[in-house]
Amino acid sequence: MENEAGALSRVAGLFSARGYNIESLSVAPTEDPTLSRMTLVTIGSDEVVEQVTKQLNKLIEVVKIIDLNDGNHIERELMLVKIRAVGPDREEIKRLAEIFRGSIIDVTDKSYTIELTGTSSKLDAFLEAIERSAVLETVRTGASGIGRGEWILKV
Amino acid sequence: MSVELTGAEITIRCLQEEGVQCIFGYPGGAVLFIYDELFKQDKVRHILVRHEQAAVHAADGYARSSNKVGVALVTSGPGVTNAVTGIATAYMDSIPMVVISGQVPTSAIGLDAFQEVDTVGITRPCVKHNFLVKDVSELALTIKKAFYIASTGRPGPVLVDIPKDVSQQKTKFEYPDKISMRSYNPVTKGHTRQIKKAAELILSAKRPVVYAGGGVILSDAAPQLTELTQMLNFPCTNTLMGLGGYPATDKQSLGMLGMHGTYEANMAMQYCDVLIAVGARFDDRVIGNPKHFFNENRKIIHIDIDPSSISKRVKVDVPIVGDVLDVLKELIKLLKAEKEKPDQTALKEWWKQIELWRERDCLKFDRSSKIIKPQMVIEKLFNVTKGDAFITSDVGQHQMWAAQFYKFDKPRRWINSGGLGTMGFGMPAAMGVQLANPKGKVACITGEASIQMCIQELSTCKQYKLPLKIINLNNRYMGMVRQWQEFFHGNRYAESYMNALPDFVKLAESYGHVGMKIEKPEDVEDALKEAFKLKDQLVFMDFITDQTENVFPMVPGGKGLSEMILV
């Protein structure tokens, strides 16, 4: 979509006005600074998704829409998670982060902050692997998606 | 070296470049520089209304009756919030319109300044698009875009919010001839293969119906719709927004369909085998309960310029996205080249069935009543004006009777708030219609409840000498509310009685207009004749009508089209 003030609120407003759900949303400018790319995750029947697509297309600032489910695609989320890490847990958490290919980006004597990317379910799995009470804080972006191989969203 | 102009000058120059002759508005702090520039020129005429809602309705009536973009100019804060009802009305009916609003200076935005509201935020859900102009260098291009977006594709209102400091700043003025936007490219031509499929389906039809909506009016396709319908000898029904798209006095017309549509139109919709939907959107007031609608099998062709209108409420078999005018032209061309004709015997049988439904005479009413029947007033109005008037209406029973009993043969003659159902629309819209059609006969059919929602505009009509004929069907009730309370709420008439009514005759006279009160059926015709003889005067006709009259047929909410309550 056009990288213009207010474009995001048009999308968000459309969803609330028509009663559609936004599961997650991530947006940032692209290599062309006049354009932003948004990945929006929604759940609905084929009919609802068709209407969502058509209604989004009507927004003047929306340049192009693709439904990533129409083909093979890759989805990634970013999570930063702060975990209590004292005593023997420190080693265990470090190992777990390695298994999930996360990296520790901040360390104190009581905690680790781990950066993790992956699909939504991978991030969930990581959190499940850690004892609940040890998780001090999490922050996640919405999913970003891109088509596989030669499938390119071109304007 | 070209001279630099202020934002205010640029605004007016843009309107001139767009060929705007008439705008409707109300001044205020944030638009004073723009008004100053209006004052210095005479190409764009400004009509001063008495409330911003009326400015937008008037611009709307102007647009609907002329196919030009309507323009309204309002100030920030309450100027805008008052205009919102009008903007939402235009949005629901897809009316091309540009609203220019003043805004507090950019340095004050977000500081809760005097007369500040988040105009772009408030209007976002009820405009086709809106802009906040933060830099004067973008102003001309933004206004160009506004007119382009408003008038192309599925039309709609576009708002341009101009902060006061932007209207003061100077820049070079250049108005682009053409514009292209990478993110906005409305389709016009329909898909050839789809049109071909539609033609094949039409030729296979045994019980066809043409169902035509407001899209036919908006794309000026009434002649093509009429040609197609007549060359095929198909029956045609029009929606509330589509009246006039096919001549109502023609024998192939089934009249209006929907909640208060005719028996024959609704039955034909329910039992047809091929439905040709043209610029219509299958809304809840038209097909009733969609599940019931699909109890019968039929194939549906749907022509609409807005892809999101297609398969929104009903699944269709042959969707055609495109401008109704273009698609109909193509379809006519294809069908003319075709040697085959639809099965004439089957069509004859179908017409026979339709005649049987017609015999039900669903619009009958008591013609010997000693109290004025509202239907009779509309019938007489139709006769007296020879069907040639521009008719605006407010919202309620009178609106439905107007739609049922005034037989519109031409497009852009019936101006009403179909989608939003805005009471108070009628008189200000009629002002716009009269200004767009100075020689036209313009009547506003209203009720004593609706008319009071914008009654202050009698003053505007006086100032600009607008000779409207106001047909007030006065039954001392919010009639449609009363009807629903009678049918569905055990005759408990909660707050629907209009108490403490003014003396409308005196009220009209106090504004320098002519007032008439008509209480007997035998006086109706003469009164109407007399009123239309007063060519230069607004005449407010207060018809005291039957309080208990209801609108029939009626498809109750949640019911199917063939489950009408009949008189």
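Numbering of residues starts from 1 in every chain and runs along the sequence as written. Numbering of ligands from 1 and lettering of chains from A proceed in the order in which they are written. Thresholds applied to this predicted model are a pLDDT of at least 70 for local features of residues and 80 or more for the giving and counting of side-chain atom pairs; totals over whole chains, interfaces and linings are not thresholded and use all residues.

Novice: What should I look at first to understand the overall build of chain A in this one?
Specialist: In terms of regular secondary structure, chain A is built from four helices and seven strands. The way it works is that DSSP assigns letters per residue, a run of H or I at least four long becomes a helix, a run of E at least two long becomes a strand, and they are numbered from the N terminus. Its helices and strands taken in sequence order, chain A reads α-β-β-α-β-α-β-β-α-β-β from the N to the C terminus. At 19 Å, chain A has a C-alpha radius of gyration far larger than the 15 Å of a compact globule built from 155 residues. Overall, the C-alpha framework of chain A stretches about 55 × 30 × 30 Å when taken along its three principal axes. By the burial criterion, 14% of the 155 residues in chain A qualify as buried. For this measure, only C-alpha atoms enter the radius of gyration; the expected value for a globule follows 2.2 Å times N^0.38, where N is the number of residues. Remark: C-beta atoms are placed from the backbone, and a residue is labelled buried if 20 or more other C-beta atoms sit within 10 Å of its own, exposed if 12 or fewer do, or partly exposed between those counts.

Novice: Just checking my understanding: could you explain the domain arrangement of chain B for this structure?
Specialist: A common way to report how large an interface is uses the accessible area buried once the components associate. All names here are of chain B. Annotation comment: domain bounds sourced from an automatic or database domain assignment. Per the domain assignment, the segments making up chain B are domain 1 (4-172), domain 2 (192-358) and domain 3 (374-544). Centre-to-centre, using C-alpha coordinates, domain 1 lies 29 Å away from domain 3. Remark: residues whose backbone-derived C-beta atoms lie within 7 Å of one another are considered to be in contact. At the interface, 25 residues of domain 1 touch 27 residues of domain 3. Those elements giving two or more residues to the side of domain 1 that touches domain 3 turn out to be strand 2 (22-25), strand 3 (45-48), helix 3 (52-66) and helix 4 (78-92). Broken down by element, the side of domain 1 that touches domain 3 gets its largest block of residues, eleven residues, from helix 3. Residues belonging to the side of domain 1 that touches domain 3 are distributed by class as follows: eleven nonpolar, ten polar and four charged. Residues are sorted three ways: Asp, Glu, Lys and Arg are charged, Ala, Val, Leu, Ile, Met, Phe, Trp, Tyr, Cys and Pro are nonpolar, and all the rest, Gly among them, are polar.

Novice: Is there a simple way to think about the sheet that holds strand 10 (residues 236-238) of chain B in this case?
Specialist: Within a sheet, adjacent strands bond to each other through the backbone by hydrogen bonds, running parallel or antiparallel. Residues and elements named next belong to chain B. Think of it this way: DSSP has to see at least two bridges between two strands before they count as a pair. Within the open sheet, the six strands sit side by side as 11-10-9-12-13-14. Their pairing is parallel. Of all the strands in the sheet, the pair left with one neighbour each is strand 11 (253-256) and strand 14 (318-321). Mean inter-strand twist for the sheet, computed between neighbouring axes without regard to direction, equals 15 degrees. Sheet topology note: the strand 12 (residues 274-278)/strand 13 (residues 299-304) ladder contains five bridges and is parallel. Following the sheet pairing, alanine 277 is matched in strand 13 by histidine 302. Together, strand 9 (208-212), strand 12, strand 13 and strand 14 form the strand contacts of helix 8 (residues 192-203), whose direction differs from that of strand 14 by roughly 135 degrees. Axes, fitted as lines to C-alpha atoms, cover a helix only where it is in contact. Angles between the N-to-C directions of the axes lie from 0 to 180 degrees.

Novice: Just to check I follow, could you spell out the nonpolar core for this structure?
Specialist: Soluble globular proteins: nonpolar side chains tend toward being buried together. Definition of nonpolar core: a set of buried Ala, Val, Leu, Ile, Met, Phe, Trp, Tyr and Cys residues joined via C-beta atoms within 7 Å. Within the largest apolar cluster, 191 residues are counted, with the highest numbers of intra-cluster contacts made by Ala55(B), Ala72(B), Ile87(B) and Val98(B). Tallying contributions element by element places helix 6 (residues 139-151) of chain B first for this core, with eight residues. Among residues more than four places away in sequence, those in contact with Ala72(B) are Ile23(B), Phe24(B), Gly25(B), Ala55(B), Val56(B), Ala59(B), Ala83(B) and Val99(B). By size, the runner-up hydrophobic cluster in this structure holds eleven residues, among which are Met79(A), Ala85(A), Tyr112(A) and Ile114(A).

Novice: Can you walk me through unusual backbone geometry in this structure?
Specialist: One can expect most non-glycine residues to show negative phi and most peptide bonds to be in trans. Residue and element names in this part refer to chain B. In this model, phenylalanine 552 is joined to proline 553 through a cis peptide bond whose omega is -10 degrees. Tracing the sequence through the fold places proline 553 in the segment after strand 20 (539-544). Backbone geometry places aspartate 361, a non-glycine residue, at a positive phi of 50 degrees. Tracing the chain through its elements places aspartate 361 in the loop between helix 15 (344-358) and helix 16 (374-384). A tally of 11 C-beta atoms within 10 Å means that aspartate 361 is categorised as exposed. Even without glycine at this site, lysine 386 takes up a positive phi of about 55 degrees.

Novice: Would you mind going over the interface of chain A and chain B with me for this structure?
Specialist: On the side of chain B, twelve residues touch chain A, which itself brings 15 residues to the contact. When contributions to the side of chain A that touches chain B are tallied by element, the ones reaching two or more residues are helix 1 (7-17) and helix 2 (46-58) of chain A. Here the element with the most residues in the side of chain A that touches chain B is helix 2 of chain A; it accounts for five residues. Residue composition of the side of chain A that touches chain B, grouped by class: five nonpolar, four polar and six charged.

Novice: When you look at the sheet that holds strand 2 of chain B in this model, what are you seeing that I'm missing?
Specialist: All names here are of chain B. Spatially, 3-2-4-5-7-6 is the arrangement adopted by the six strands of the open sheet, whose pairing is parallel. Every interior strand has two partners, whereas the edge strands, strand 3 and strand 6 (129-132), have only one. This sheet shows a mean twist of 20 degrees between the axes of neighbouring strands, independent of strand direction. As judged from the four bridges shared by strand 2 and strand 3, these two strands associate in the parallel manner. Residue pairing across strands places phenylalanine 24 opposite isoleucine 47, the latter belonging to strand 3. The sheet strands contacting helix 6 are strand 5 (97-103), strand 6 and strand 7 (157-163), and the helix crosses strand 7 at an angle near 165 degrees.

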